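This is what each chain is made of:
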Amino acid sequence: MPLVLLVFSQSHVDFRKAEFEAICSMFAIRVQNMQVLNENEHIFVLNFETCSDVEKLLTRSVLVKFAISLSLEANTYEDLYSQIGKNPAVVDNFDKPDESFALRFFAVGRKKKLDGIERIKMFLDNVPFKNAPISLSSPKNELYLIEKYSSPTDEKPIKIFFGKLLGEGRSELKTKYNLRDRCYIGNTTMDPELSFIQANLAMILPGNLVLDPFVGTGGLILPAAEFGAFVMGTEIDYQTARAKGRSSRQGVGMRNESESIKANFEQHCTDQNLLAILIADSSKHGVWSSNARFDVIVADPPYGVREKARKTVKNKPIVSNEEYTQYQQKEEYNLETAFCDLLNLAARILVSNGRVSFWYPVILERYCPKNLPQHPAMKLISNCEQPLTRKTSRRLLTYQKIREPMNEEECEIRKTGVSHYRSVLFSSKPSINP
Ligand SMILES: C[S@@+](CC[C@H](N)C(=O)[O-])C[C@H]1O[C@@H](n2cnc3c(N)ncnc32)[C@H](O)[C@@H]1O
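Residues numbered from 1 in each chain as written. Predicted model: local features only at pLDDT ≥ 70, side-chain atom pairs only at ≥ 80, totals over all residues. Heavy atoms only, no water.

(A) The sheet that holds strand 16 (residues 378–387), seen in detail. If you walk across this open sheet you meet the seven strands as 9-8-7-10-15-17-16, and the pairing is mixed. At either margin of the open sheet sits one strand with a lone partner, and together these are strand 9 (274–279) and strand 16. Within this sheet the neighbouring strands show an average axis-to-axis angle of 15°, counted without direction. Sheet topology note: the strand 15 (residues 350–363)/strand 17 (residues 392–401) ladder contains nine bridges and is antiparallel. By the bridge assignment for strand 17, serine 357 is matched with threonine 398. Along the sheet face, helix 11 (residues 335–349) touches strand 7 (209–212), strand 10 (294–299), strand 15, strand 16 and strand 17 and points at about 165° away from the line of strand 15. (Pairing = 2+ DSSP bridges. Helix = DSSP H or I, 4+ residues; strand = E, 2+ residues; numbered from the N terminus. Axes fitted to C-alpha atoms, helices over the stretch in contact; angles between N-to-C directions. Contact = heavy atoms within 4.5 Å.)

The structure is reproduced here in structure tokens:
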């Protein structure tokens, strides 16, 4: 059973366990000691059943930086050298004339930069490689010396690990999908790293049918398409859905013809996975036939700071021509109703075991997990927090459909203060605007 050292990103630590568990569920990966994962440390030794399980994990995880097949773990360098002295095969395995190697150094938990080259030289002086040629650019065996510190100012590590790199996670996706280079963005376009994490929590798989009922510029369905799903969205605002009007980029003026949700997909060659963007009010569930089924719903409902939640009134078009219909959008959409509608929709149109994952704003002093949205047909799987201001945060809630809803079963939100989110925010001048 391979012992694997996982090195995690130090950002979004509250999402770490949920992302890991969701990916393990997706690929039926079994890890004996999963419970050791926590938010305070950033490296963990885990018991996987096979190396191919680790490879599967790395194909999806945004929060795992890299994985090492662990050969040795020691408390001091003396201890490390003595273990190698007693069991030279550990290093001999990598010291073959026809297998090049590179030794890299990585430290976790230490503020001051350490001299990695010095550490590598010291290790190779004590553990000379006699046969394997060095190749820094494309080694057959990429070996790692990893130091773990318990406090950022400590002089000595509390653990030293040695092993071979199995692979890297998907943190490159946040750069590949960065907003600076994206063709079409809006004021509330979701941060790419979080949107990939959300796609993982929602367990989006190739071939899935994924819906975002508050699609905006499509920031949440781009990752779904990157992971091979077929995607669609509904958006109440014609201008947003069709990329018309003033650009959100500073000093740019009006949006140009080349900007569109489709163009965002074309940038990443996933446009064949974009099925449709409908101009529709997601509070009106009648738009979906009783047979409509989606594998996953992802959403970032508007909670009213930069983008108001709205619903159509009387379903009466105010502008209608061949090209589009603009509905009256007068009535404010109460936040509690919007979240209830979303969970009711999920209970109705998700396949069995399908997941819905959505962002939920929270006023910290009113937050109580017991008051989160509940639906008898939906089970809360994970609840991860992204702090926003001193007084507020938002939580990514992920639910799984456990059975078909029965007649009259509805989502319930006990008094949480969600409806007051806007008033509290506007009276407190938040430093980060969700
Ligand atoms: C927070 S934004 C979503 C941003 C999106 N995730 C993105 O990356 O661009 C919420 C979106 O929901 C839309 N919206 C508000 N009320 C709606 C409704 N009743 N039905 C459908 N869309 C709605 C807003 O116009 C806005 O574009």
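(B) Fine view of the packing of aromatic side chains. Applying the stated criterion to the full structure yields 17 aromatic pairs. Ring geometry for phenylalanine 94 against phenylalanine 162: centres 6.4 Å apart, planes inclined by 75°, an arrangement best described as edge-to-face. Note that phenylalanine 94 is positioned in the loop between helix 4 (89–92) and strand 4 (101–108) and phenylalanine 162 in strand 6 (residues 159–168), a separation of 68 residues in sequence. With a centroid separation of 4.2 Å and an interplanar angle of 15°, the aromatic rings of phenylalanine 101 and phenylalanine 129 are classed as stacked. Of this pair, phenylalanine 101 sits in strand 4 while phenylalanine 129 is found in the loop between helix 5 (116–126) and strand 5 (141–148), placing the two residues 28 residues apart along the sequence. Accessibility expressed as a relative area gives 2% for phenylalanine 101, which makes it buried. Through a chain of ring-to-ring contacts, the aromatic side chains of Tyr77, Tyr81, Phe94, Phe123 and Phe162 assemble into a single cluster. Over the face of the ring belonging to tyrosine 149 we find arginine 110, whose NZ or CZ atom lies 5.4 Å from the ring centre. (Phe/Tyr/Trp six-rings, centres within 6.5 Å; stacked < 30°, edge-to-face > 60°. Buried < 20%, exposed > 50% of the residue type's maximum accessible area, 1.4 Å probe, protein only. Lys NZ or Arg CZ within 6 Å of the ring centre and 35° of its normal.)

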